[in-house]
Amino acid sequence: MKKFFGIISLAMMVCMVAVGAKKVHTLGDSTMAPYDESATVTRGWGMYFGNFLTNGWESINYAKGGRDSHAGYTELWQTAKKT
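Residues numbered from 1 in each chain as written. Predicted model: local features only at pLDDT ≥ 70, side-chain atom pairs only at ≥ 80, totals over all residues. Heavy atoms only, no water.

Enquirer: Give a detailed account of the overall build of the chain, specifying residues and quantitative values.
Expert: In terms of regular secondary structure, the chain is built from two helices and two strands. Starting at the N terminus and ending at the C terminus, the chain contains elements arranged as α-β-β-α. By the burial criterion, 27% of the 83 residues in the chain qualify as buried. (Helix = DSSP H or I, 4+ residues; strand = E, 2+ residues; numbered from the N terminus. Buried < 20%, exposed > 50% of the residue type's maximum accessible area, 1.4 Å probe, protein only.)

Written out as structure tokens, the structure is:
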């Protein structure tokens, strides 16, 4: 599953660069999902990924806990493609 999301993320970055957009779309499971910082100590790395981008680049995180590769494609990838 991690390999699947890694490949999808890389493919999306390449596609976004090709069309000139300055956005990185990230898809994944609980390891990168956003969490309410006032409600839990759990954090996903996707919450902070955008802090490392410069020169006007933006990170859009579609990650949600409990997703597997099938849900990643049918739910998260389809949502990301619409933006």
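There's more to say after this.
Enquirer: Describe in detail unusual backbone geometry, supporting the description with residues and values.
Expert: Even without a glycine there, the phi angle at N55 is positive, about 60 degrees. Following the sequence through the fold, N55 ends up in the loop between strand 1 (23–26) and strand 2 (58–61). Classification of N55 as exposed rests on a relative accessible area of 63%.

Enquirer: Describe the pattern of salt bridges, and please don't skip the residues or the numbers.
Expert: Opposite charge on two side chains permits pairing when their charged atoms draw close. Evaluation of the coordinates by the stated rule reveals two salt bridges. The residue E75 makes a salt bridge to K64 at a minimum N-O spacing of 3.3 Å. Residue E75 is located in helix 2 (residues 69–81), and its partner K64 is located in the loop between strand 2 and helix 2; the two are separated by eleven residues in the primary sequence. The salt bridge involving E75 is made with R67; its shortest N-O contact spans 3.0 Å. Here the salt bridges do not stand alone but share partners, grouping K64, R67 and E75 into one network. (Salt bridge = Lys/Arg side-chain N within 4 Å of Asp/Glu carboxyl O.)

Enquirer: Give a detailed account of the nonpolar core, specifying residues and quantitative values.
Expert: L27, Y62, L76, W77 and A80 together form the largest nonpolar core, which totals five residues. The contact partners of L76, leaving out residues within four places of it in the chain, are L27, G28, Y62, K64, R67 and A71. (Core = buried A, V, L, I, M, F, W, Y, C linked by side-chain atoms within 4.5 Å. Contact = heavy atoms within 4.5 Å.)

Enquirer: With reference to specific residues and values, describe helix 2.
Expert: Those residues of helix 2 not exposed but buried are A71, G72, L76, W77 and A80. The backbone nitrogen of H70 lies 3.3 Å from a side-chain oxygen of the residue at the head of helix 2, namely D68. (Polar contact = N/O pair within 3.5 Å; in protein donor to acceptor, adjacent residues only side chain to side chain.)

Enquirer: Explain the confidence of the model for the chain residue by residue, including any values.
Expert: When pLDDT is averaged along the chain, the result is 79; 76% of the residues meet or exceed 70. For the chain, helix 1 (residues 2–19) is the element with the lowest average pLDDT, namely 55, and strand 2 is the one with the highest, namely 90. (pLDDT = per-residue confidence, 0-100.)

Enquirer: Would you mind going over the environment of E75 in detail, with residue names and values included?
Expert: Using a relative accessible area of 26% as the deciding quantity, one classes E75 as partly exposed. Sequence spacing of E75 and L27 is 48 residues, and the spatial spacing of their C-alpha atoms is 9.9 Å. Ignoring anything within four residues of it in the chain, the contact list for E75 reads K64 and R67. One polar contact links E75 to K64, side chain to side chain, over a distance of 3.3 Å. Side chain to side chain, E75 and R67 meet in a polar contact 3.0 Å long.

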